[in-house]
Amino acid sequence: MSLLADFLASKRPYLNDGGIETDLIFNRGFELPLFSSFVLLKDQQGRVALEAYFGEYLDLAEAEGRGFLLDTATWRANAGWGPKLGLNLAGLRDINLQAVQFAQAIKAGRRGNVPILINGIIGPCGDGYAPHQLFTPDEAEDLHRPQMQALAEGGVDLVTAMTMTHPGEAIGVIRSAQAAGLRVAVSFTLETDGRLPVGTPLGDVIREVDAATGGAAVYFGINCAHPTHFLDQLAGDWTKRIGVVRANASRQSHAELDDATTLDDGDPKEFAPLYEGLAARLPSLRVVGGCCGTDCRHVHAMAQSL
């Protein structure tokens, strides 16, 4: 079996990293314009920082004997945000290829026995906290195509779209992944009421996206929300389609986090019982990790709870 097939068949959740951008900004002192971690690939200091960041999580995965999804630093490296960061289509292709090659080099340098998959990260082409611009599936497919093609060219094992806010973009992402020959997962962000930023219940969106794409996503997920925002709403057959949870450390709303000038890293210890509760409600959970405000302490607690 391939690494991807082994991963999808595994009954033991793999680990992911935490909130890479918030960690790099608030804990490690880096400036990331427009929350774009790929800028660190442009010089040696940034590459060393990224290698150290992912190294902590890979050490944890090896200590826990769990597989690991090694993300590419490409959440902002799409056609929606690239021009705002000075990247044309050729620049987008180049930075995505660099990110994949960098992740592959990190993987090659490890000597542990845990499986490592290269996970190409796709972000929303609009604002993941306040979706002022909503995309039709056709618009989203066109916007995500350049990045998807570059990640496929680089040779990622799968791609994961993170912090999706509405079904139209999710459908377009899946279509662009299919056209590029990639397996894809889609993770949505939720507000404090457990609904998407557009106000739709998560179960309804998953059913809509599955219907529009023939169930092509390998799984769906939840990220950039605290577990207490959605834990009690995880009921119904649609929960079998949830394969990844990457929660925020903070209980604050997206609006409050947008205005914050300091990092709210919550309570890492509470993540053990919270993720234990998530696992009990999500029979197909395959990946656990963190999002904004989380670091290796939070992911360690998740790993031990499972």
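What you are looking at is a predicted structure, and each value in this text was computed from that prediction instead of being measured.

## Let's talk about the overall build of the chain
A count of helical and extended segments in the chain gives ten helices and eight strands. By the compact-globule yardstick of 19 Å for 306 residues, the chain fits well, its C-alpha radius of gyration being 17 Å. Taken over the C-alpha atoms alone, the chain extends approximately 45 × 45 × 45 Å along its principal axes. Looking at the chain residue by residue over its 306 residues, the buried ones come to 58%. In the chain, once contacts between residues fewer than 6 apart in sequence are set aside, the share between residues at least 24 apart is 77%. Here the chain has roughly 11800 Å² of accessible surface; of this, 48% comes from carbon and sulfur atoms. Distance between charge centres in the chain, computed from 25 positive and 37 negative side chains, equals 6 Å.

## Notes on the packing of aromatic side chains
As enumerated under the stated definition, the model contains seven aromatic pairs in all. Where F188 meets F220, the ring centres are 6.2 Å apart and the plane angle is 20°; that geometry is what we call stacked. Of this pair, F188 sits in strand β5 (residues 184-189) while F220 is found in strand β6 (residues 220-223), placing the two residues 32 residues apart along the sequence. Taken together, the aromatic side chains of F7, Y14 and Y219 make up a single cluster linked through ring pairs. The side chain of R76 reaches across the aromatic face of W81, ending 3.6 Å from its centre. Here K84 stacks its cationic end above the ring of W81, 4.2 Å away from the centre of that ring.

## Some thoughts on the pattern of salt bridges
Within this structure, the stated rule accounts for 15 salt bridges. Notably, a salt bridge pairs R28 with E56, separated by 3.4 Å at the nearest N-O pair. With R28 in the loop between α2 (20-27) and α3 (44-64) and E56 in helix α3, this residue pair connects regions lying 28 residues apart in the sequence. The class of E56 is partly exposed, set by a relative accessible area of 36%. The salt bridge partner of E270 is R251, with a shortest N-O separation of 2.7 Å. Taken together, the residues span a long stretch of sequence, with E270 in the loop between α8 (254-259) and α9 (271-281) and R251 in the loop between β7 (242-247) and α8 at a distance of 19 residues. In this structure E270 comes out as buried when scored by relative accessible area, which is 16%.

## Describing the packing of helix α5 (residues 137-154) against helix α6 (residues 167-180)
Think of two packed helices as two axes; the pair is described by the angle between the axes and how far apart they sit. As a packed pair, α5 and α6 sit with axes 7 Å apart at the nearest point and diverge in direction by 40°. By the criterion of interaxial angle, the relationship of α5 to α6 is oblique. Where α5 crosses over α6, the two elements pack in a sense that is right-handed. Listed contacts from α6 to P137, D138, A140, E141, H144, R145, M148 and A152 of α5 are G168, E169, I171, G172, V173, R175, S176, A177 and A180.

## Topic: the nonpolar core
The biggest cluster of nonpolar side chains holds 78 residues, and the ones touching the most others in it are V159, V186, F188, L202 and I242. Here this core takes eight residues from α3, the largest share from any one element. Once residues lying within four places of it in the same chain are set aside, the contact partners of V186 are A161, M164, A170, I174, Y219, F220 and G221.

## A look at the pairing of strand β4 (residues 158-164)
Counting buried positions along β4 yields seven of seven residues, so the element is predominantly enclosed. Bridge count for β4 against β5 is four bridges, and the pairing is parallel. Looking at the pairing, M164 lines up with F188 of β5.

## Some words on the side chain of T239
Residue position: T239 is located in the loop between β6 and β7. Excluding its chain neighbours within four sequence positions, the residues that come into contact with T239 are L234, R281, L282 and P283.

Conventions we followed
Residues numbered from 1 in each chain as written. Predicted model: local features only at pLDDT ≥ 70, side-chain atom pairs only at ≥ 80, totals over all residues. Heavy atoms only, no water. Helix = DSSP H or I, 4+ residues; strand = E, 2+ residues; numbered from the N terminus. Rg over C-alpha atoms; globule rule 2.2 N^0.38 Å. Buried < 20%, exposed > 50% of the residue type's maximum accessible area, 1.4 Å probe, protein only. Contact = heavy atoms within 4.5 Å. Areas by Shrake-Rupley, 256 points an atom, 1.4 Å probe, with all protein chains shown as cover. Lys, Arg positive; Asp, Glu negative; His and termini not counted. Charge placed at Lys NZ, Arg CZ, Asp CG, Glu CD. Phe/Tyr/Trp six-rings, centres within 6.5 Å; stacked < 30°, edge-to-face > 60°. Lys NZ or Arg CZ within 6 Å of the ring centre and 35° of its normal. Salt bridge = Lys/Arg side-chain N within 4 Å of Asp/Glu carboxyl O. Axes fitted to C-alpha atoms, helices over the stretch in contact; angles between N-to-C directions. Parallel < 35°, antiparallel > 145°, perpendicular 65-115°, else oblique. Left-handed = near helix turned anticlockwise from the far one by under 90°. Core = buried A, V, L, I, M, F, W, Y, C linked by side-chain atoms within 4.5 Å. Pairing = 2+ DSSP bridges.

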